[in-house]
Amino acid sequence: MNAPWKPGMLTVRDPFLAFVSDEWTAEAIRPLVAEQGWSVDKVMKGGLSGAIQSLSVSASPLILLVDLTETDDPASEINNLAEVCEPGTIVIAIGPVNDVRLYRSLVTSGLHDYLLKPLNPDQLRDTIGQARAMAHAPRPLDTAPEKAPCTVAVVGVRGGVGASTIATSLGWLMAERLERTTALLDLDVHFGTAALALDLEPGRGLVDAIDNPSRIDGLFLERAMVKASEKLAILSAEAPISAPVLTDGLAFGQLQDEMRLNFETTIVDLPRSLMIQQPMLVGSAQTIVLVTDLTLAAARDTIRLLAWVKAHAPQVTVLTLANRVQPPAQSEISQSDFEGSIERALDFVIPYDPKLVVQAAKVGKPIAELGRTSRTIAPLIELTQRLCASAEGGGAGSPARRGLLDRFDLKSLLNKRARAD
């Protein structure tokens, strides 16, 4: 029922499973199952709810039969089954309701067929035969060359500089403009906004991963990530603030590893505090994008984080991005003073478009999607191209110098601002 992000994830799958609501139906199905050479033990009680519960912790079969007799709202609840089914599972539903609208709704949801109870053996035999033929039909090979993996960590040097906005837009641009399968991982477990920015429910996938790192694999990602578009999926959380997250970082590292295996691009929205607590989270990235604004506090923290990355992940390329940049008269410090303080040129400067930001928040879309003609978007497109060039070996690094904390002249900048006032 679900569409795979990338074909080829190997799992041991039963050829057939059935979850029925009553013994009479089970007895009607078992002879047909035996005819196919399958074990009659694969016909079990539980109906739709039993199927969802079982498949949430085990691999899906190639062909799945579910009984909707005890389901109050089949058209709605079948979507819960889709969330736990692996790619390529062929689902046959049976039930007592003879309603063409229900039939159309179920087929639109991705079911292969819906059969009425009491079951007609010949009709069920034909349906299973068709499903078998589909399951074993040769699949066209994807001959397109695989894109080089691109892994990016987006870190705000301070809260409120718009790092999450940048991360979400980078994910959308990678998926929609560059047509790369893209994973967006929001590691702000309590207050992340990736799902909110895309008008999605975050789900429990990230919390489950933290609680059970051993479960993390390609199948876990398939079930846990929320699909934002054909090529973009996100993994985020809104964990209760009364429940502190206790982790040694193992789950986060495993998630990044699995995403690199299953997606062409991985964008990690990484809180700066978590980066410092778990240095291995940036060690595996190709590029770190430090998002800042033109303020004294941000200049100070940019210097500190540049020095920290140089010490803990010297192999990683660092790009600096000034976000929400306003005209010089409205900026706390000028771009030239900021660059002089950090002793390197800013790699990207994003002009502030308040109307675009407000509109994007209202409709739940990234600014890159809404502001296609805005001057705010052009630097983001250039950034995505540069990141991909780095993944292909072109290098995203800047020859600019790295800043040092002891060269940051805070007093000089304060005096300049006082004179400007």
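All values derive from a computational prediction rather than experimental measurement.

Conventions and cut-offs
Residues numbered from 1 in each chain as written. Predicted model: local features only at pLDDT ≥ 70, side-chain atom pairs only at ≥ 80, totals over all residues. Heavy atoms only, no water. Helix = DSSP H or I, 4+ residues; strand = E, 2+ residues; numbered from the N terminus. Areas by Shrake-Rupley, 256 points an atom, 1.4 Å probe, with all protein chains shown as cover. Salt bridge = Lys/Arg side-chain N within 4 Å of Asp/Glu carboxyl O. Buried < 20%, exposed > 50% of the residue type's maximum accessible area, 1.4 Å probe, protein only. Pairing = 2+ DSSP bridges. Contact = heavy atoms within 4.5 Å. Axes fitted to C-alpha atoms, helices over the stretch in contact; angles between N-to-C directions. Expected span 1.5 Å × (residues − 1). Polar contact = N/O pair within 3.5 Å; in protein donor to acceptor, adjacent residues only side chain to side chain. Parallel < 35°, antiparallel > 145°, perpendicular 65-115°, else oblique. Left-handed = near helix turned anticlockwise from the far one by under 90°. Nonpolar A, V, L, I, M, F, W, Y, C, P; charged D, E, K, R; others polar. Bend = angle between axes of the 7 residues up to and from the residue.

Engineer: Would you take a moment to explain the overall build of the protein for this structure?
Structural biologist: Helix and strand counts for the protein come out as 18 helices and 13 strands. As displayed, the protein offers around 19,900 Å² of accessible surface, 52% of which is attributable to carbon and sulfur atoms.

Engineer: Explanation requested: the pattern of salt bridges in the structure shown.
Structural biologist: Two side chains with opposite charge may pair up if their charged atoms get near one another. Here the structure, examined in full by the defined rule, presents 17 salt bridges. With its nearest N and O atoms 3.4 Å apart, the salt bridge here joins aspartate 14 to lysine 42. Taken together, the residues span a long stretch of sequence, with aspartate 14 in the segment before strand 1 (16-20) and lysine 42 in the loop between helix 1 (23-35) and strand 2 (43-45) at a distance of 28 residues. Under the relative-accessibility criterion, lysine 42 is labelled partly exposed at 28%. Within this structure, Arg158, Arg272, Arg300, Asp301 and Arg304 form a network of salt bridges that share partners.

Engineer: Looking at this model, I keep getting lost on unusual backbone geometry. Mind explaining?
Structural biologist: Glycine aside, residues mostly have negative phi, and peptide bonds are mostly found in the trans state. A cis geometry characterises the amide bond from lysine 117 onward to proline 118, with omega recorded as 0°. Take proline 118: it is sitting in the loop between strand 5 (113-116) and helix 5 (121-135). The residue aspartate 199 is not glycine, and still its phi comes out positive at about 60°. Relative to the assigned elements, aspartate 199 resides in the loop between helix 7 (194-197) and helix 8 (205-211). Residue aspartate 199 is classed as exposed on the basis of its relative accessible area of 59%.

Engineer: Quick question: what am I supposed to make of the pairing of strand 6 (residues 150-156) here?
Structural biologist: In summary, the side chains of a regular strand alternate between the two faces of the sheet. Counting buried residues in strand 6 gives 7 out of 7 residues, a clear majority hidden from the surface. On strand 6, burial covers both faces: Cys150, Val152, Val154 and Gly156 on one face and Thr151, Ala153 and Val155 on the other are all buried. As paired strands, strand 6 and strand 10 (residues 265-269) are joined by 5 bridges and run parallel to one another. Residue pairing for strand 10: threonine 151 is matched across the bridge by threonine 266. Looking at chain direction, strand 6 and strand 11 (residues 287-292) are connected through 5 bridges and run parallel. Counterpart to valine 155 in the pairing with strand 11 is leucine 290.

Engineer: Quick question: what am I supposed to make of the sheet that holds strand 6 here?
Structural biologist: By way of backbone hydrogen bonds, the strands of a sheet pair with one another, either parallel or antiparallel. As summarised here, the arrangement of the 8 strands in space is 8-9-7-10-6-11-12-13, forming an open sheet in which the pairing is mixed. Whereas interior strands pair on both sides, the edge strands pair on one side only; in this sheet they are strand 8 (226-227) and strand 13 (348-351). Strands strand 6, strand 7 (182-186), strand 9 (232-235), strand 10, strand 11 and strand 12 (317-325) of the sheet are contacted by helix 6 (residues 163-176), whose axis makes an angle of about 160° with strand 6. With respect to the sheet, helix 17 (residues 377-391) is in contact with strand 6, strand 11, strand 12 and strand 13, its orientation differing from that of strand 13 by roughly 155°.

Engineer: Is there a simple way to explain helix 13 (residues 296-312) in this structure?
Structural biologist: It helps to recall that an α-helix has 3.6 residues per turn; residues three or four apart then point in one direction. The end-to-end C-alpha distance of helix 13, which contains 17 residues, comes to 25 Å, matching closely the 24 Å that a straight helix rising 1.5 Å per residue would cover. Of all the residues in helix 13, the buried ones are Leu296, Ala298, Ala299, Asp301, Thr302, Ile303, Leu305, Leu306, Trp308 and Val309.

Engineer: Help me understand the side chain of aspartate 301 in this model?
Structural biologist: With respect to the secondary-structure elements, aspartate 301 resides in helix 13. Aspartate 301 gets classed as buried once you look at its relative accessible area, which sits at 3%. A distance of 2.9 Å separates a polar atom in the side chain of aspartate 301 from a polar atom in the side chain of arginine 300. Sequence-distant contacts of aspartate 301, that is, excluding residues within four places in its chain, are made with Val157, Arg158 and Arg272.

Engineer: Teacher, can you tell me more about the packing of helix 1 against helix 5 here?
Structural biologist: How two helices sit against one another is set out by the angle between their axes and by the gap between those axes. One way to put it is that helix 1 packs onto helix 5 with a least axis distance of 11 Å and a crossing angle of 40°. By the angle between their directions, the pair helix 1 and helix 5 is classed as oblique. In this structure, helix 1 crosses over helix 5, and the sense of that crossing is right-handed. Counting all contacts with helix 1, which are made through Ile29, Leu32 and Glu35, the residues of helix 5 involved are Pro121, Leu124 and Arg125. Considered class by class, the residues forming the contact of helix 1 with helix 5 number 4 nonpolar, no polar and 2 charged.

Engineer: In this structure, what is going on with the packing of helix 13 against helix 14 (residues 335-342)? I would like to understand it.
Structural biologist: Running from N to C, helix 13 and helix 14 cross one another at 30°; their axes reach a closest spacing of 9 Å. The angle between helix 13 and helix 14 places the two elements in the roughly parallel class. Seen along the crossing, helix 13 lies across helix 14 with a hand that is right-handed. The segment helix 13 lies against helix 14, with Ala298, Ala299, Thr302, Ile303 and Leu306 engaging Phe338, Ser341 and Ile342. Here the contact of helix 13 with helix 14 is composed, by residue class, of 6 nonpolar, 2 polar and no charged.

Engineer: Is there a simple way to explain helix 1 in this structure?
Structural biologist: With 13 residues, helix 1 should cover 18 Å at 1.5 Å per step; its first-to-last C-alpha distance of 19 Å lies within 8% of that length. Considering bend angle alone, the principal kink of helix 1 is centred on isoleucine 29 and spans about 25°; proline proline 31 follows within four residues of it. Along helix 1, the residues that are buried comprise Thr25, Ala26, Ile29, Leu32 and Val33. The secondary structure elements touched by the buried residues of helix 1 are strand 1, strand 2, strand 3 (63-67), strand 4 (90-95) and helix 5. Looking at where helix 1 begins, the residue whose side-chain oxygen comes 3.2 Å from the main-chain nitrogen of tryptophan 24 is aspartate 22. Following helix 1 by one or two positions, glycine 37 adopts a phi angle in the positive range, close to 85°.

Engineer: Honestly, the sheet that holds strand 1 in this entry has me stumped. Any pointers?
Structural biologist: Read across the open sheet, the 5 strands follow the order 2-1-3-4-5; overall the sheet is parallel. Pairing within the sheet leaves two strands with one partner each, and these edge strands are strand 2 and strand 5. Averaged over all adjacent pairs, the angle separating strand axes in this sheet is 20°, with direction ignored. Relative to strand 3, strand 1 runs parallel, the two being bridged by 4 bridges. Bridge assignment links phenylalanine 19 to a residue of strand 3, and that residue is valine 66. Seen against the sheet, helix 2 (residues 47-55) touches strand 1, strand 2 and strand 3 and runs at an angle of roughly 135° to strand 1.

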